[in-house]
Amino acid sequence: MAVILGNEVFESELPSAPELVPVLIDSVLLSSASERSDGHFIPIPVSELAVKAGGTPMQRSVAALGVVAALLGLPQPMVLGVLHEWFGGKGRSASESNHLICKAGFDWAAASLTHVQLLVDASPVRQIDDRIIIDGNQAAALGALAAGCSFFASYPITPATPIGEFLARQLPQAGGTAHQAEDEIAAICSALGASFGGKRAMVATSGPGLSLMQEGIGYASMAELPVVIVNVQRPGPSTGMATRQAQDDLLAAVHGGHGEGQRIVLAPRSVQECFDIMATAFTTAQAFRCPVIVLTDSLLATTKMTADAQQFTGTAASSGELPLQRIVTGIEHDEDGFPVETPSGRTRQMVRRAEKMERVATFIPGAAEVDCDDGPPLADVAVCAWGSTVASVKSAVQELRKKGMRIAALYPRLLYPLCGSELDAWSAASGCRIIIEGNASGQYAALVATRISVPVHALTTCDGEPLQPTAIAFGIQQIVQQEAVNDH
Amino acid sequence: MTTDHTAFLRQGLAPSWCPGCSFYQVLDTLTRSFAALKFTPDDPVVVSGIGCSSRMPLFLSTFGMHTLHGRALPFAFGCKMAQPERPVVVVAGDGDLFSIGANHFLHAARNNHPVTVLCLDNHLFAMTKNQTSPTSPTGHCGSLSPSGTGAAPLNVIEFAIAVNAPFVARAAVSSREHMQQTIVAALSYPGFSFVQILSPCRTYDPNGKIGLGERKLRLINDTDGFDPENRPAALQMASHALDYQRGEGGELPIGVYYKKPAIKHTSSGIIKKTPFAYQNIYSSLDPLRV
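The text that follows walks through the structure, step by step, so that each part is easy to find. Owing to the predicted nature of the structure, the values given are computational and were not obtained by experimental measurement.

Criteria and thresholds
Residues numbered from 1 in each chain as written. Chains lettered and ligands numbered in written order. Predicted model: local features only at pLDDT ≥ 70, side-chain atom pairs only at ≥ 80, totals over all residues. Heavy atoms only, no water. Helix = DSSP H or I, 4+ residues; strand = E, 2+ residues; numbered from the N terminus. Rg over C-alpha atoms; globule rule 2.2 N^0.38 Å. Buried < 20%, exposed > 50% of the residue type's maximum accessible area, 1.4 Å probe, protein only. Contact = heavy atoms within 4.5 Å. Areas by Shrake-Rupley, 256 points an atom, 1.4 Å probe, with all protein chains shown as cover. Lys, Arg positive; Asp, Glu negative; His and termini not counted. Charge placed at Lys NZ, Arg CZ, Asp CG, Glu CD. Buried area = accessible area lost by both parts, 1.4 Å probe. Salt bridge = Lys/Arg side-chain N within 4 Å of Asp/Glu carboxyl O. Polar contact = N/O pair within 3.5 Å; in protein donor to acceptor, adjacent residues only side chain to side chain. Phe/Tyr/Trp six-rings, centres within 6.5 Å; stacked < 30°, edge-to-face > 60°. Lys NZ or Arg CZ within 6 Å of the ring centre and 35° of its normal. Pairing = 2+ DSSP bridges. Axes fitted to C-alpha atoms, helices over the stretch in contact; angles between N-to-C directions. Parallel < 35°, antiparallel > 145°, perpendicular 65-115°, else oblique. Left-handed = near helix turned anticlockwise from the far one by under 90°.

**Topic: the overall build of chain A**
Working step 1: For chain A, the helix and strand inventory stands at 18 helices and 18 strands.
Working step 2: Whereas a compact globule of 488 residues would reach a radius of gyration of roughly 23 Å, chain A reaches 25 Å, a difference of no more than 12%.
Working step 3: Taking the principal axes of the C-alpha coordinates as reference, chain A spans close to 85 × 65 × 40 Å.
Working step 4: Going through the 488 residues of chain A one by one, you find that 52% of them count as buried.
Working step 5: If you take every contact in chain A between residues at least 6 apart in sequence, the share linking residues at least 24 apart comes to 73%.
Working step 6: Accessible surface computed for chain A: about 21,600 Å², of which carbon and sulfur atoms make up 55%.
Working step 7: Of the side-chain charges in chain A, 32 are positive and 49 negative, and the distance between the mean point of each set is 4 Å.

**With respect to the interface of chain A and chain B**
Working step 1: If you look at the interface, chain A gives 38 residues, while chain B gives 39 residues.
Working step 2: Summing both partners gives a buried area of about 3,300 Å² for chain A against chain B, and 64% of it is carried by carbon and sulfur.
Working step 3: Considering only the surface of chain A that becomes buried against chain B, Arg169, Glu182 and Arg326 of chain A emerge as the three largest contributors, covering 19% of it.
Working step 4: Our enumeration of links across chain A and chain B arrives at one salt bridge.
Working step 5: For Arg326 of chain A, the salt bridge goes to Asp42 of chain B, with nearest N and O atoms at 2.7 Å.
Working step 6: Inspection of the region where chain A meets chain B yields eleven residue pairs in polar contact (both at pLDDT 80 or more).

**Considerations on the pattern of salt bridges**
Residues and elements named next belong to chain A.
Working step 1: Counted by the stated rule, this structure contains 20 salt bridges over all chains.
Working step 2: The salt bridge partner of Lys52 is Glu48, with a shortest N-O separation of 3.3 Å. Of this pair, Lys52 and Glu48 both sit in helix H2 (residues 46-52), four residues apart, which is roughly one turn of that helix.
Working step 3: Using a relative accessible area of 67% as the deciding quantity, one classes Lys52 as exposed.
Working step 4: A salt bridge links Asp135 to Lys304, with the shortest nitrogen-to-oxygen separation between them at 3.4 Å. On the criterion of sequence distance, the pair formed by Asp135 in strand E4 (residues 131-135) and Lys304 in strand E11 (residues 304-308) is long-range, its members being 169 residues apart.
Working step 5: One connected set of salt bridges, linked through shared partners, spans Glu224, Arg352 and Lys356.

**With respect to the environment of Glu214 of chain B**
Working step 1: Residue position: Glu214 of chain B is located in the loop between helix H7 (209-212) and strand E9 (216-219).
Working step 2: Glu214 of chain B sits 36 residues away from Gly250 of chain B along the chain, and the two C-alpha atoms are 7.7 Å apart.

**What to know about the packing of aromatic side chains**
Aromatic rings considered in pairs are described by the distance between their centres and by the relative angle of their planes.
Working step 1: The full count for this structure, using the stated rule, is 16 aromatic pairs over all chains.
Working step 2: Relative to Phe105 of chain B, the ring of Phe98 of chain B has its centre 4.8 Å away and its plane inclined at 55°; by these criteria the two rings are tilted. Phe105 of chain B shares its class with Phe98 of chain B; the two are buried.
Working step 3: Taken together through their ring pairs, the aromatic side chains of Phe98, Phe105, Phe159, Phe192 and Phe194 of chain B make up a single cluster.
Working step 4: Positioned over the ring face of Phe63 of chain B is Arg326 of chain A, at 4.0 Å from the centre of the ring.

**Overview of the pairing of strand E4 (residues 116-121) of chain B**
Residues and elements named next belong to chain B.
Working step 1: Within E4, six of the six residues are buried, which leaves the element mostly enclosed by the surrounding structure.
Working step 2: On E4, burial covers both faces: Thr116, Leu118 and Leu120 on one face and Val117, Cys119 and Asp121 on the other are all buried.
Working step 3: Bridge count between strand E3 (residues 88-93) and E4: five bridges; the pairing is parallel. The residue bridging Gly93 from the neighbouring strand is Leu120, located in E4.
Working step 4: Of the pairings in the sheet, the one linking E4 to strand E8 (residues 193-198) comprises six bridges and is parallel in character. Bridging across to E8, Asp121 finds its partner in Leu198.

**Some points on the sheet that holds strand E3 (residues 41-44) of chain A**
Note on sheets: strands pair through backbone hydrogen bonds, and any given pair is parallel or antiparallel.
All names here are of chain A.
Working step 1: As summarised here, the arrangement of the three strands in space is E1-E2-E3, forming an open sheet in which the pairing is parallel. Edge positions in the open sheet fall to strand E1 (2-4) and E3, since each of these has one partner strand only. Direction aside, neighbouring strands of the sheet carry axes that sit 30° apart on average.
Working step 2: The sheet contact formed by strand E2 (residues 23-26) and E3 spans four bridges and is parallel. In the sheet register, Asp26 faces E3, and the bridge partner there is Ile44.
Working step 3: Across the sheet, helix H3 (residues 60-72) lies against E1, E2 and E3, angled at about 150° from E2, the strand it touches most.

**Brief notes about the sheet that holds strand E7 (residues 167-172) of chain B**
Working step 1: Strands sit in the order E12(A)-E2(B)-E1(B)-E3(B)-E4(B)-E8(B)-E7(B)-E10(B)-E9(B) across an open sheet of nine strands; the sheet is mixed. One side of each edge strand has no neighbouring strand; the edge strands of this open sheet are strand E12 (327-329) of chain A together with E9 of chain B. Averaged over all pairs of adjacent strands, the angle between strand axes in this sheet comes to 20°, irrespective of strand direction.
Working step 2: With respect to the sheet, helix H8 (residues 184-196) of chain A is in contact with E12 of chain A together with strand E1 (45-48) and strand E2 (63-66) of chain B, its orientation differing from that of E2 of chain B by roughly 155°.
Working step 3: Packing against the sheet, helix H6 (residues 176-188) of chain B makes contact with E3, E4, E7, E8, E9 and strand E10 (251-259) of chain B, and its axis sits at approximately 160° to E7 of chain B.

**Describing the packing of H8 of chain A against helix H9 (residues 207-223) of chain A**
Residues and elements named next belong to chain A.
Working step 1: H9 packs onto H8 with a crossing angle of 25° between their chain directions and a minimal axis gap of 8 Å. Considering their axes alone, H8 and H9 lie roughly parallel with respect to each other. Crossing handedness for the pair H8 and H9: right-handed. Two secondary-structure elements touch here, H8 through Glu184, Ile185, Ala187, Ile188 and Leu192 and H9 through Gly209, Leu212, Met213, Gly216, Ile217, Tyr219 and Ala220.

Printed below as a string of structure tokens:
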């Protein structure tokens, strides 16, 4: 079910919900909701209930909690007990006030919403030991632990802070160090120091922090030190919108350093993959001795799901400890690590560092997921997406195929270096090619254009919202129609 | 068996400093200090930033990290966390440590990062050809501030004590034996230790006057009743030595200004391990919180 409480939801398109999903909406918003959509809303007078129970309209969310709990068939004492645990520390009046409001919402729903059918069976389950609730940030942090990370340096930044919070508690218990640095520059530099010292080291940040870390990341490229940088994207440039969604740091991840240093950029496509990809990141960083940037985003970071705990366990393939190099430097240097400036020496090192990256695409298993039900040469359209957008694109593709469209899809998790052979095959589609991503300029499209020589459409958004399947499907259809017109 | 101090010098790579540079004296003294502490070349990690003095690790046979301008301290901290048994020594200049790197110095000191910091202070940026640095005297002119800085120099001793550095000392290349004793004491201290080493630039300060002016060096222990464990007294002694203006008379004390009593350890090694706050904070079992 969906619950709508805020006015700002109506600033953008209402999320599409399949017909059978009940959409509960605060009654005070109902008239403007009806204007915006012909959707099927179930009004819940939560603002009113909150006020009647002695609170403020802002506490409508607590009333809504009671409504949802009643619909799910949860026992009232249990719900009120959890609420007390949550608010108990805030003082007696807050706790009592929320108790009354939640009860009011619950009692109202129990009496008035008996007609609402739910798709899920919400009856209690006896055994929950091996089930967890997890979000993308926690998955990434767990993934780092499982991959043998033993040094983590953090600086608080939305939306990446929870990764540091998790590791601050858990990493010392695993024998590692979790350090809050004075700024992001200190964070990346201390991770590089730990990497030099033989440990698997990592930092987590967002756009503004990535900008600060660019010099350090370049140092990792030049000194050939493995390090993992998790960048949880949010809209930029600069402070941007700290709590919104975007996929606009790709080019900064690939090209953000001065000079021409090597980097690898990975992007998980789901909460599960936020966990899985960390082992790949550390192994690859060590194998290629370069920085690996893992691009997640606000949406993945905060999306919660239930899962089997077993899906989030693993063992690092190696202990991750490397012997110390004798000397590292950011100056151009020969194989022994000492400065070299001769034209031939310099060229040799530049070529060596560049050539090692040619093996990345084949080294990483499952660099891209290929969905060519209809085969690229036969497809009307070839779509491509990365990161959290993949889930929405898959829904859109499913809907469009039902309408008879032949679609080939490519979902890379290795964004850079490019997964060349998959992209070459994908670009052979007879129809048009569309790359769908959450940034204004089509950043992955720009990278792909350096490899394939046929035109690519960039279907993009920079509105700070996740891309929705209906919008994506609509956009794809528009482009396909336009192409058909152009052809005639 | 004692390692001869020359074993700490990199073979096959001559230092690139100007002939007569005071840093040769620091290099020599540093190798003698390592030898005196019975290290082998496989023990220390020498971490530097960018600048003339930051070239130091390239000329030593120890492990070395030649890092980014101003950032030696965070690199050193990460390395120490990964290799806690090794002595980690930061060698950098006044511009590197107190211009771009001042923030990192502040936090390394207050967090008691267990590294030794040697500031080779020539009161200017030498490698980039003579700009003023935070320790240049008032009115000193450099190529990017040709009319002079107008600001009083940063008193790095006072600053270090103020931000809770537990070991703060000043030495000078003109007093070699004292410099070696001070470096050995700093390396032996089980916590953050800082030594400002007055080491003039042969090229841009050939008379060595920028730092000292007309003053003479004086051993701090010659002051009656000076107790380096007394922090207010240390601050007072440090603040009197502030003004580097030429022509001022008086004396500049060198020696250990402040030394906080160290936590006693039971390990028998020369370098004692310090418990770090971050490793001990979460010592109790903490259930996984969502």
